[in-house]
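A structural walkthrough
So the chains spell out like this:
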Amino acid sequence: MKLRIAIIIALLSIAGCGEGENKKIVLTTGFEKNEVFRIEDISCMKPEIMVYLTNTQNQYEQVYGEEIWETSVGDVTLEENVKDIVLAKIARIKTLNLMAEEYDVTLNEAEMNKVKVAADEYYDSLSETEKDVLGIDKALITSLYKECAIADKVCEAILEDINPEVSDDEARIVT
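Treat the numbers as computed from the prediction; the structure is a model and nothing was measured.

Some points on the overall build of the protein chain
Per the secondary structure count, the protein chain includes 7 helices and 4 strands. Seen in sequence order, the protein chain has helices and strands lined up from the N terminus as α-β-β-α-β-β-α-α-α-α-α. Per-residue burial for the protein chain yields a buried fraction of 23% across its 175 residues. Restricting to contacts in the protein chain with at least 6 residues of sequence separation, those with at least 24 account for 62%.

Following this line, the structure appears as structure tokens:
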């Protein structure tokens with residue numbers, strides 16, 4: 001109890017620092033086991049992040065070799081940078097899935113079949129050891145593919161009203 005009070009006091013004092021700045025601290029409880037983050041009612045679980053991290057790791061190693069992880073720029077290692085990139089990617093996918101209802105985006109039967117085929121192919125390519133280490137099952141992989149497909153469709157819906165052409169007058173403006 002004393003530790004909780006000390007943490008709350010420390011957070012409140014941090015929030016009070018900085019004149020004229022509006023700072024917002026949100027304390028959240030009730031995370032499930034292995035839940036990494038939550039955006040509204042969509043959660044990201046550790047096995048999901050493990051799949052994305054493993055895939056990204058494999059891509060980097062195929063292109064640059066296993067030694068790439070020894071690379072660093074200043075105080076930041078490539079490994080830390082990739083973790084941040086993957087976390088941001090998953091957050092974007094989850095956010096776009098939250099926006100799917102707003103844009104009335106769903107997957108039709110043909111798209112769902114493609115998702116299932118791709119998920120089955122990916123899942124079957126993994127060894128039993130990989131499945132155990134990642135803590136995944138076929139339902140999770142199917143869910144990840146479905147989320148990515150929905151996120152792509154939401155992006156398309158958002159961008160369809162944007163005119164990518166730039167007029168000659170707009171092209172002459174320098175900002």
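Quick notes on the pairing of strand β2 (residues 42-45)
Sheet faces and side chains relate simply in a regular strand, where the side chains alternate between the two faces. Side chains Ile42 and Cys44 project from β2 onto a buried face, and the interleaved Ser43 and Met45 project onto a face without burial. Here strand β1 (residues 35-39) hands over to β2 after 2 residues, with Glu40 in that stretch at a positive phi of 50 degrees.

Focus: the nonpolar core
Core analysis: the biggest nonpolar cluster contains 30 residues, and Val51, Ile90, Ile136 and Ile141 have the highest contact counts within it. At the level of secondary structure, the elements contributing two or more residues to this core comprise α2 (46-64), α3 (78-99), α4 (109-125) and α6 (138-159). In terms of residue count, the dominant contributor to this core is α6 (7 residues). Once residues within four sequence positions are removed from consideration, Ile136 is found in contact with Pro47, Val51, Tyr123, Leu126, Lys131 and Ile141.

With respect to the pattern of salt bridges
Any two side chains of opposite charge can pair, so long as their charged atoms come close to each other. Under the defined criterion, the tally for this structure stands at 8 salt bridges. Between Lys138 and Asp120 there is a salt bridge whose closest N-O contact spans 3.7 Å. Residue Lys138 is located in helix α6, and its partner Asp120 is located in helix α4; the two are separated by 18 residues in the primary sequence. Taking relative accessible area as the criterion, Asp120 reaches 28% and is therefore assigned partly exposed. Members of the salt-bridge network, linked through shared partners, are Glu48, Lys94 and Glu147.

Observations regarding the side chain of Glu35
Relative to the assigned elements, Glu35 resides in strand β1. Among the polar contacts listed, one links the side chain of Glu35 to the side chain of Ser43, at a separation of 2.3 Å. Those residues in contact with Glu35 that sit more than four places away from it in its chain are Gly30, Ser43, Cys44 and Met45.

Re the packing of α4 against α6
Two elements in contact, α4 and α6, have axes whose closest approach is 9 Å; the angle formed by their N-to-C orientations is 135 degrees. Looking at the two axes, α4 sits oblique to α6. The two elements α4 and α6 meet at a crossing, and its hand is right-handed. When α4 is examined against α6, the residues Glu111, Met112, Val115, Lys116, Ala118, Ala119, Asp120, Tyr122, Tyr123 and Asp124 are found in contact with a partner set consisting of Lys138, Ile141, Thr142, Tyr145, Lys146, Ala149 and Lys153.

Examining the packing of aromatic side chains
Taken as a whole and assessed by the stated rule, the structure comprises 3 aromatic pairs. Measuring from ring centre to ring centre gives 5.6 Å for Tyr60 and Trp69, while their planes differ by 45 degrees; the resulting arrangement is tilted. Site record: aromatic cluster; members linked through ring pairs are Tyr60, Tyr64 and Trp69. Just above the ring of Tyr123 sits the side chain of Lys131; from NZ or CZ to the centre is 4.0 Å.

Quick word on the environment of Ala151
You can see Ala151 is positioned in helix α6. Once the C-alpha coordinates of Ala151 and Val105 are considered, the two residues, 46 residues apart in sequence, prove to be 9.1 Å apart. Excluding its chain neighbours within four sequence positions, the residues that come into contact with Ala151 are Ile93, Leu96 and Asn97.

What counts, and at which threshold
Residues numbered from 1 in each chain as written. Predicted model: local features only at pLDDT ≥ 70, side-chain atom pairs only at ≥ 80, totals over all residues. Heavy atoms only, no water. Helix = DSSP H or I, 4+ residues; strand = E, 2+ residues; numbered from the N terminus. Buried < 20%, exposed > 50% of the residue type's maximum accessible area, 1.4 Å probe, protein only. Contact = heavy atoms within 4.5 Å. Pairing = 2+ DSSP bridges. Core = buried A, V, L, I, M, F, W, Y, C linked by side-chain atoms within 4.5 Å. Salt bridge = Lys/Arg side-chain N within 4 Å of Asp/Glu carboxyl O. Polar contact = N/O pair within 3.5 Å; in protein donor to acceptor, adjacent residues only side chain to side chain. Axes fitted to C-alpha atoms, helices over the stretch in contact; angles between N-to-C directions. Parallel < 35°, antiparallel > 145°, perpendicular 65-115°, else oblique. Left-handed = near helix turned anticlockwise from the far one by under 90°. Phe/Tyr/Trp six-rings, centres within 6.5 Å; stacked < 30°, edge-to-face > 60°. Lys NZ or Arg CZ within 6 Å of the ring centre and 35° of its normal.

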